[in-house]
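Per-entry structural report
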Amino acid sequence: MAITYVQAFPPLWYIVGLDGLAAGGAQLFTYDSLTNLPRDVYQDPAGTQPYPNPLIFDLNGTKGPIYWQVDPADPNGYYIEVYDINGNLLWSEDNFPSASSGGGGSNVITYIPLLNYI
């Protein structure tokens, strides 16, 4: 199977600091889950434009979309660490995106009738 690039949830990342406010200037470090070597994430679904590592978030704490490389021959996910602008670890996660994160099922369309008064 071929290497693909997936946009894991959420499409627009929002990082919150330890004070509960937007973590402007936060840093996302991405590593291979098995070897702990730096591993790129991408700006496009074709995997041709890697982000710098660490990925620096905007002053409002947002960045994205982020595309993650998935290689069926190498099932290691990413190990990610997120730091605030002062270098404090906010959180980390291993095996991201999880191989079990995909859901099954059919297409679901929800119709919500709204009246826009604006």
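The rules we used
- Each chain has its residues counted from 1, running along the sequence as written.
- In view of the model being predicted, local features appear only for residues whose pLDDT reaches at least 70, and side-chain atom pairs are presented and counted only at 80 or more, with totals across whole chains, interfaces and linings using the full set of residues.
- By convention in this description, side-chain values take in all heavy atoms of the structure and omit both hydrogens and water.
- Only DSSP runs of H or I with at least four residues qualify as helices, and only runs of E with at least two residues qualify as strands; both kinds are numbered from the N terminus onward.
- By the convention used here, residues are in contact when the closest approach between their heavy atoms is within 4.5 Å.
- Surface accessibility in these figures is a Shrake-Rupley result with a 1.4 Å probe; residues are shielded only by whichever protein chains are displayed.
- Note on ring pairs: Phe, Tyr and Trp rings are taken, using the six-membered ring of Trp, and paired if centres are within 6.5 Å. Classes follow the plane angle, with under 30 degrees stacked, over 60 edge-to-face and the rest tilted.
- The buried label applies to any residue whose accessible area, calculated with a 1.4 Å probe on protein chains only, is under 20% of its type's maximum; exposed applies above 50%, and partly exposed to all values in between.
- Any two strands with at least two DSSP-identified bridges between them are counted as paired.

A look at the overall build of the chain
Counting its secondary structure elements, the chain contains zero helices and eight strands. Each helix and strand of the chain, placed in order from N terminus to C terminus, yields the pattern β-β-β-β-β-β-β-β. By sequence separation, contacts in the chain at least 24 residues apart represent 65% of the contacts at least 6 residues apart. As presented, the chain carries roughly 7900 Å² of accessible surface, and 58% of it is formed by carbon and sulfur atoms.

Here's the deal with the packing of aromatic side chains
For the structure on display, the rule yields nine aromatic pairs. Ring centres 5.0 Å apart and planes at 75° place the aromatic pair Y5 and Y42 in the edge-to-face group. Note that Y5 is positioned in strand β1 (residues 4–6) and Y42 in the loop between β3 (27–32) and β4 (55–56), a separation of 37 residues in sequence. Accessibility expressed as a relative area gives 10% for Y42, which makes it buried. For the pair W68 and F96, a centre-to-centre distance of 4.9 Å together with 75° between the ring planes defines the contact as edge-to-face. One end of the pair, W68, is in strand β6 (residues 68–70); the other, F96, is in strand β8 (residues 89–96), and 28 residues separate them in sequence. In this pair, the class of W68 matches that of F96, namely buried. Three or more aromatic residues joined by ring pairs form one cluster here, namely W13, W68, Y78, W91 and F96.

Re the sheet that holds β3
The strand order across the open sheet built from four strands is β4-β3-β7-β8, with neighbouring strands paired in antiparallel fashion. The open sheet terminates on both sides in strands that have one partner only, identified here as β4 and β8.

Observations concerning the environment of N36
In this structure, N36 sits in the loop between β3 and β4. By relative accessible area, which is 48% here, N36 ends up partly exposed. As a C-alpha pair, N36 and Y78 span 42 residues in sequence and 8.7 Å in three-dimensional space. When sequence neighbours within four positions are dropped, the list of residues in contact with N36 reads Y31 and Y79.

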